[in-house]
Amino acid sequence: MAEFKTEFHRFIALCNEEYLIQYANKGIYNRALKDMEKGVTVSYEFGDDYVQCALSDDSVCRLHADISRFSCSCPSDKMCKHVIIAIVYYANQYLTVDTTEEVAGFQPDFGWVLALAPAQISKAFSEAQIEEVLFRLEYDEDIEIAMTSFLTVTLPSQKVIVTFEPDSEIAKTMCSCKAKGNCIHKLEALLRYRLANQIDDSAALLTTNLDVSFDQDVVRETKELIQEVLGIGLAKLSNTICTRIELLAIAAHNGNLPNLESELRGLHGDLSLFFKRHVQFSKEGLLDRLTRVYVGLVALERAVHSDQKKQLLGSFKSRYYTIPQLTLYALGANPWETRSGYKGVTYYFFSLDDKRIYTYTEARPVYYEGSSFSYLNSYKGKTPWSDLLTMEELAQSQVVLTQPKTNREQRLSSSEDTQLGIQARLHIEEIELGDTFIRDWADVTKRKSGDLFEQSTDTVFLLRAAKASNVEFDDATQKLSITIEHEDCHTIDLTITYQEKFARTLNALERNKRLLELRDVFVLVQRIGDTFVPISFLQGTSLTSIKLDL
């Protein structure tokens, strides 16, 4: 009992006002003090590992040398005023000089927080929580650390405080969000505190427990269809093949084959252009797609490891995670339509924080009967984060997003929890653009879009053109070519393919001589295969999205 009494005295000595308010709340703490002022007293009886506390208001509490272990005769299942009275009264009445000397020199020990093994952390939190926090750790956040009777880690952007007790465990950690169990704030505070002490758990905690099952019949049928197309040849191919491809795309969706579904819809688009004898049909492009799909399916059948299968299967929907803040400089907007049957507008932003390009896309499938998408309505509509701006205004602004959600491809979500603030737009010439800005134009042709089996990525970058030296429309290919020159006379041809809905834009670019008069203008360029497509022109604080503003 003597040993327990010493532990109990150490516990009582740690129970200062801040600690008790953190564990309960300020209101309960203040009510406990008022009752003591009115004359409530407590008598104590020590057991082997507990103290029985009889209050003069007929309440009975039981305390241990641990803040999380208590009981009270009152109906409350949380820390009540009676428990606080029992703690504070003992501290005031029984922590004498002798007992103070008994616990003198005792310092709270938070070494356990740093001594935790990654396996212990992984066991305490869900896979989804770990995945999200590891993503958030890629973004810096200045945490506030304080050590008193307990260790507190404050996450300012989330306005939460996580409290670690001495010589304790994760389950007894407290969070000001008051969520039950081990919330995501506890994990983030724990990992950020360990990072601040040069302990990086990212590699050890990263898990790949994934569903990589898929419908093998769909894979087999797709391979047979590709063999049939290549065997018959385009000249003898019936247009009923498009119906078969559409049905296979639906089966691929139901069979957990997201990459294959997308490729099949693209193949449907390619062959639809062929049957229409459309100028945009490319035999080489069709053969490239057929080869990529077939080889990818063979690789999927032979893949052994889960991570290989994951890459080959792809995903239907990316996970989005909340990050602290992004300061975004708009680079322009680009309307598009895919051969797989989607239309949309993608808005591009340069992050002044991590020097990367982020995108926000509004898109709709238009392959269903009666479905449609209006580029103009999207562009003139309000932003998802605020009614203060339209998307057109956002596409030419500089903003701060607080608590935005993004995925690993830097795509932004339309989350209602995100708050938007407007800043004065900087001159683009003043911004350190990092790798987004290509200074050596010879590097442009060296850049590759990814591995053979990866879904095509939206590769965009900035060039600074000394001038545009030539603008010409080719009737045969139905493409507008804009030749831009670097200051060292190196040239690149930018290409815009004719679309009826943007005929006015192409006509304006071809005939308006102002384009040839521009000097030292930044151009946002998208690379598609070996073709370079201009999205917008930027100079100073001004910005022109080519297809939407001209």
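Only a predicted model underlies this, so the values are computations on that prediction, with no experimental measurement involved.

Student: Would you take a moment to explain the overall build of the protein chain for this structure?
Tutor: In terms of regular secondary structure, the protein chain is built from 20 helices and 21 strands. Relative to a compact globule of 550 residues, whose C-alpha radius of gyration would be 24 Å, the protein chain shows 32 Å and is clearly more extended. In the protein chain, buried positions account for 45% of the 550 residues. Sequence separation of 24 or more characterises 63% of the internal contacts of the protein chain that already satisfy a separation of 6 or more. Roughly 28400 Å² of accessible area belongs to the protein chain as shown, and the carbon and sulfur atoms make up 47% of that amount.

Student: In this structure, what is going on with the packing of helix H13 (residues 258-275) against helix H14 (residues 283-302)? I would like to understand it.
Tutor: Describing two packed helices takes the angle between their axes plus the distance from one axis to the other. At a minimum axis distance of 10 Å, the contact between H13 and H14 shows a crossing angle of 155°. In terms of orientation, H13 lies roughly antiparallel with respect to H14. Between H13 and H14 lies a crossing whose hand is left-handed. Contact residues: H13 offers Leu 260, Glu 263, Gly 266, Leu 267, Asp 270 and Leu 271, while H14 offers Leu 286, Arg 289, Leu 290, Arg 292, Val 293 and Leu 297. Split by residue class, the contact of H13 with H14 holds 7 nonpolar, 1 polar and 4 charged.

Student: I'm lost on unusual backbone geometry in this one. Help?
Tutor: The bulk of non-glycine residues show a negative phi, and the bulk of peptide bonds are trans. Even without being glycine, Asp 58 reaches a positive phi, approximately 80°. By relative accessible area, which is 72% here, Asp 58 ends up exposed. Of note in this structure, Asn 256 is not a glycine but carries a positive phi near 60°. Mapped onto the elements, Asn 256 comes out in the loop between helix H12 (241-254) and H13.

Student: Got a minute to help me understand the layout of surface pockets in this structure?
Tutor: Which parts of space are left empty comes out when a probe the size of a water molecule is rolled across the atoms. In this structure, the second largest pocket spans a volume of roughly 640 Å³. Lining of the second largest pocket is provided by 21 residues; of these, Tyr 23, Lys 78, Met 174, Lys 178 and Ala 179 occupy positions nearest its centre. Breaking the lining of the second largest pocket down by element, the ones donating at least two residues are helix H2 (17-23) and strand E8 (174-175). Residue composition of the lining of the second largest pocket, grouped by class: 9 nonpolar, 6 polar and 6 charged.

Student: So what exactly am I meant to see when it comes to the sheet that holds E8 here?
Tutor: Pairing within the open sheet is antiparallel, and its 4 strands lie in the order E5-E6-E7-E8. Either end of the sheet is taken by a strand with one partner, and the two such strands are strand E5 (144-147) and E8. In terms of strand pairing, strand E7 (residues 160-164) meets E8 through 2 bridges, oriented antiparallel. When the sheet's bridge partners are listed, Val 162 is paired in E8 with Cys 175.

Student: Can you help me understand empty space enclosed by the protein in this one?
Tutor: If you walk through the whole model with that rule in mind, you get 3 cavities of 30 Å³ or more. Approximately 40 Å³ is the volume found for the second largest cavity. Ala 465, Lys 467, Ala 468, Ile 482, Ile 484, Leu 515, Leu 518, Val 521 and Phe 537 together form the lining of the second largest cavity. Of the residues belonging to the lining of the second largest cavity, the class tally is 8 nonpolar, no polar and 1 charged.

Student: How should I be thinking about the sheet that holds strand E1 (residues 42-46) in this particular structure?
Tutor: Strand pairs in the sheet, formed through backbone hydrogen bonds, run parallel or antiparallel to each other. Judged by pairing direction, the sheet is antiparallel, and its 4 strands sit side by side in the order E1-E2-E3-E4 without closing on themselves. For this open sheet the edge positions go to E1 and strand E4 (70-72), each flanked by a neighbour on one side alone. Across this sheet, the average inter-strand angle for adjacent strands is 15°, counted without regard to direction. Here 4 bridges tie strand E2 (residues 51-55) to strand E3 (residues 60-63), and the two strands are oriented antiparallel to one another. Across the sheet, residue Val 51 finds its bridge partner in E3, namely Leu 63. Here helix H4 (residues 81-94) sits on the sheet and contacts E1, E2, E3 and E4; the angle it forms with E1, its principal contact strand, is near 85°.

Student: Help me understand the pattern of salt bridges, please; the structure alone is not making it clear to me.
Tutor: A side chain of one charge can pair with a side chain of the opposite charge when the charged atoms of the two come close. For the structure shown, the criterion picks out 23 salt bridges. The salt bridge involving Arg 265 is made with Glu 261; its shortest N-O contact spans 3.5 Å. One end of the pair is Arg 265 and the other is Glu 261, both in helix H13 and 4 residues apart, which spans about a single turn. Three or more residues joined by partner-sharing salt bridges are found here, namely Arg 136, Glu 141, Glu 188 and Arg 192.

Student: I'm lost on the side chain of Thr 406 in this one. Help?
Tutor: Structurally, the position occupied by Thr 406 is in strand E14 (residues 405-406). Taking the relative accessible area as the measure of exposure, Thr 406 reaches 0% and is therefore buried. There is a polar contact of 3.0 Å between the side chain of Thr 406 and the backbone oxygen of Arg 411.

Student: When you look at the packing of helix H8 (residues 127-136) against helix H9 (residues 184-196) in this model, what are you seeing that I'm missing?
Tutor: In contact at an axis separation of 10 Å, H8 and H9 are set at 45° when each is read in the N-to-C sense. Our classification of the angle between H8 and H9 gives oblique. Every pair of crossing elements has a handedness; the one defined by H8 and H9 is right-handed. Contact with H8, carried on its side by Gln 129, Ile 130, Glu 132, Val 133, Leu 134 and Arg 136, involves Ile 184, Leu 187, Glu 188, Leu 191 and Arg 192 of H9 and no other residues of that element. For the contact of H8 with H9, the class distribution of residues is 6 nonpolar, 1 polar and 4 charged.

The rules we used
Residues numbered from 1 in each chain as written. Predicted model: local features only at pLDDT ≥ 70, side-chain atom pairs only at ≥ 80, totals over all residues. Heavy atoms only, no water. Helix = DSSP H or I, 4+ residues; strand = E, 2+ residues; numbered from the N terminus. Rg over C-alpha atoms; globule rule 2.2 N^0.38 Å. Buried < 20%, exposed > 50% of the residue type's maximum accessible area, 1.4 Å probe, protein only. Contact = heavy atoms within 4.5 Å. Areas by Shrake-Rupley, 256 points an atom, 1.4 Å probe, with all protein chains shown as cover. Axes fitted to C-alpha atoms, helices over the stretch in contact; angles between N-to-C directions. Parallel < 35°, antiparallel > 145°, perpendicular 65-115°, else oblique. Left-handed = near helix turned anticlockwise from the far one by under 90°. Nonpolar A, V, L, I, M, F, W, Y, C, P; charged D, E, K, R; others polar. 1 Å grid on protein atoms, 1.4 Å probe; cavity = no way out; pocket = protein on both sides within 12 Å on 5 of 7 lines; lining within 4 Å. Points joined across faces, edges and corners; volume = space filled by probe spheres on them. Pairing = 2+ DSSP bridges. Salt bridge = Lys/Arg side-chain N within 4 Å of Asp/Glu carboxyl O. Polar contact = N/O pair within 3.5 Å; in protein donor to acceptor, adjacent residues only side chain to side chain.

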